[in-house]
Each structure stands twice: as C-alpha cells, then as structure tokens.
Amino acid sequence: MDDTEGAGLIEYALWRPGAPDGIGDVHRGRVAARMPAMGGAFVDLADGASGFLPDSAGAAGLTEGDATLVRVTRSAQGGKGARLAACPADTVPAPDRTGPPALLARGPSPLEVLAAAWPDAPILIDDASVGARLPPALRERVERVPNAFDPETEAASDALDDPAVALPGGLRATITPTPALVAIDMDGGAASADRRAKQTAQFAANRDALPALLHQIRLRNLSGAIVLDVAGLAIRKRQALRPVFEESLARDPLRPRFLGFTALGLAEILRPRIRPPLHELVSGPHGQALRALRHWVRATHGTPGTAAPLRVGTDIARALDRDPGAVADAARLSGHVPTRQFDPSLPPLGWSLSGPENRP
C-alpha cells in the first residue's frame, strides 16, 4: 500500500492464495509428543503439518494421543514449525471437535488484515481473475485499473528484494538475515562529504537516515532479534540516537522493542515473529516456483507452436503441484499449457528454461 500524498510505500505484504501462511487458522489436532524440557507439546495438524503448543498456551494437562483444538499464532518460519494456542471448544461446532487432524477454518489473509487497517482505501486490480479470488466482503471496494502499481510503487516494491538499501543523506545499509538474527550494517557513503566536525556530521546523518531504515524493517517484515550497526558514530555517542529508534519503532503496528545498545555499540531490536518475513517468502519453494512461472510466461507469451518445458528440481515441483491456481494463471497469461519436467540433476530449488539453470 502506498501513500497517495507521495510519502512512499507505507505497508507491504504478499498475499498468495495458493500458499496461505496459516496465521489464525483453526485446526483439530492431535498431540504427537509431550516435551517437558521445552514446556509444551508437538501437535499434528492437517496435511502432515505440525506445530508447537506451549504449556502456557494450553498444552498443560494434555498427553500423547489427545485430540485438541488449536489456532496458529505464528506461522512456520526460520526452519521451525508453527506456534499454536488452544482454541476454546465452544468456538467450534460440536461435530468438528472430534476426529483426525483437520483444518477447520482459515484465518484472515494479509490482504484482509491490510483492508481492515485501511477501511477507506480502494483495492486496485489490473486482472479480473484477481477480483474473483477476493473474499466476498472486499469485492465492493475493488476498482479495475490498467496497472495496479504505478511506476514509483512498483520500483519501491521491487527494491524490497535487494539486501542493499539506499537511505537519505547518501547513507546505505545492508540487511543480512541469518538463522539466529537479522544483522543490519549502515555505511556512511556520500555522507562523508559533510564538512562539519566528524562526530556532528555522523550523528546528523544517522539521525536523518534511521527512520527510513527502520521503516524497511516493517516493510520487509523482519522479525525476531535484529542488531543494527549505525554508521561511524563513536560508541559513547550512540545513546543519543535512542529517541530516534523509539519514535520510529512506535509507528510499527507490531510494536517492536528497542532494547538499547550492546557494549560494542550495536542497537538491539526485538520484533514479534508472526507471519514469515519477506525474504523467506521470496526465497522459499513457493516463491521460487512463482518466479520460475513468471520467467516461463515471459519466455513463451505470444510464441507459436508448443512451448518449451520448464525443468524443475524437487522442491519446485512439489510447490507447483500444491498451487494449481498459479499454473492455471501461467497458462492463461502465456497462451500455452505449462509443461514441466522434473530434473534430478537440478538442486531442489533449481529451475531452468532453455538457457543456463537457475539456482537459489
């Protein structure tokens, strides 16, 4: 979502009907294993998935094999399964309370969450098939336009895939997700041309650039532990930036916490993990499968005869099998029925058209 007054991208989320993230979903589950050392239990869910139910969220008193009603409170991400909370039995119809693991109700999609946060904003679409997939309650807000994204919004959206971020005043930042945390490094760059005293210039540059960088955390949905190294400023001077961190983070609906600076001068931020971060959505199997389809559509659109097949690795093949809607969209947009060939020589997330293979 962008600001019509020109302030740039305010909110960003990916809505993928073929691969819901599961937040808010209600499941009838079954306790697979009690884990006293972890303070909870693993619960089997529908379609072979599983999640962790903490004792504090309803696992206390359950034993292996017990049926339980649960709601997903944090999606599977970072190599870990979904986090669960017990769902009161009276919120589920009696016939659905017993039986094998099953999905009983879907939670709100990222699109519905944004629509609720911006109730007066229109929903712009440039493809009629998108409108047909919208929840019925949102369809009265739909406006058909030639291009749903204007050039500025599209450029800002594309830039979210880039780990390098250009910041006000000539500063740059590099965002590096790791399994344990997200590391962000700021670099002075062109700001070094400031003729003021070094520490004065560096403080001003960081102060002016930080709000834009902290907004990137929100747009990219970076979560969990985040450490940030500001540009050049002496460690003893960094505490003066605390108000900038706190004021900027207060605008984030997830209310991340600024924990202060470490002995090395690194700013520590803790942002709740709920939905998967953007980099996982883009780089994961479903994201790479959609990328492969987009390249295939561009390569085959308007070409006569039979289109070249799409060669895919194991994870891409599974992701395409699970999202027939995306495959149907590719056929409609290209004018060809997508044919894919499983190629065991490709890595699991690899794919190839007729040229060099693409690796994650």
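Located above this text is the structure these notes cover.
Before going into details, it helps to say that this report is about the structure given with it. Numbering of residues starts from 1 in each chain and follows the order in which that chain's sequence is written. Side-chain atom pairs in this predicted model are given and counted only at pLDDT of 80 or more, local residue features only at pLDDT of at least 70, and totals for whole chains, interfaces and linings cover all residues. In computing side-chain values, all of the structure's heavy atoms are included and hydrogens and water are not.

### A closer look at the environment of Leu310
Part 1: Only runs of H or I of at least four residues qualify as helices and only runs of E of at least two qualify as strands under DSSP, and these elements are numbered from the N terminus. Position of Leu310 among the secondary structure elements: in strand β17 (residues 310-312).
Part 2: Each C-alpha atom of the pair Leu310 and Pro338 lies 7.5 Å from the other, and the pair is 28 residues apart in sequence.
Part 3: If we ignore the near neighbours within four places in the chain, the residues touching Leu310 are Ala292, Leu293, Trp296, Leu320, Thr339, Arg340, Gln341, Trp351, Ser352 and Leu353. What makes two residues a contact is simply this: any of their non-hydrogen atoms within 4.5 Å.

### What to know about the layout of surface pockets
Part 1: Points on a 1 Å grid over protein atoms alone make up a cavity when a 1.4 Å probe fits among them but cannot get out, and a pocket when they form an open set with protein on both sides within 12 Å along at least five of seven lines; lining residues each have an atom within 4 Å of a point. Grid points are joined across faces, edges and corners, and a volume is the space filled by probe spheres set on the points. Volume-wise, the second largest pocket comes out at about 1,500 Å³.
Part 2: Taken together, 48 residues make up the lining of the second largest pocket; nearest its centre are Ala19, Pro20, Asp21, Gly22 and Ala76.
Part 3: Those elements that provide at least two residues to the lining of the second largest pocket are α1 (110-117), α6 (278-283), α7 (285-300) and α8 (314-321).
Part 4: The residue inventory of the lining of the second largest pocket, partitioned by class, reads 20 nonpolar, 15 polar and 13 charged. Residue classes follow a fixed rule: Ala, Val, Leu, Ile, Met, Phe, Trp, Tyr, Cys and Pro count as nonpolar, while Asp, Glu, Lys and Arg count as charged, and any other residue, Gly among them, counts as polar.

### Looking at a negative patch on the surface
Part 1: Judged by side-chain charge, Asp150, Glu152, Glu154, Asp158, Asp161 and Asp162 come together as a negatively charged surface patch.
Part 2: One can find Asp161 in the loop between α3 (151-159) and β11 (164-166). Residues enter patches when they are more than 30% accessible in relative terms and free of salt bridges; like-charged ones are connected within 9 Å and nonpolar ones (Val, Leu, Ile, Met, Phe, Trp, Tyr) within 5 Å. Surface accessibility follows the Shrake-Rupley procedure with a 1.4 Å probe radius. Residue values consider only the protein chains on display as shielding. Salt bridge, as applied in this entry: a Lys or Arg side-chain nitrogen positioned within 4 Å of an Asp or Glu carboxyl oxygen. Counted as positive: Lys and Arg. Counted as negative: Asp and Glu, with His and the chain ends omitted from the count. To locate a charge, take atom NZ for lysine, CZ for arginine, CG for aspartate or CD for glutamate.

### Observations concerning the sheet that holds β17
Part 1: Note on pairing: two strands pair once DSSP finds at least 2 bridges between them. The three strands are arranged β18-β17-β19 in an open sheet whose pairing can be described as mixed. Two strands bound the open sheet, and with one partner strand each, they are β18 (340-342) and β19 (351-352).
Part 2: Bridge count for β17 against β18 is three bridges, and the pairing is parallel. Bridge pairing in β18 places Leu310 opposite Arg340.

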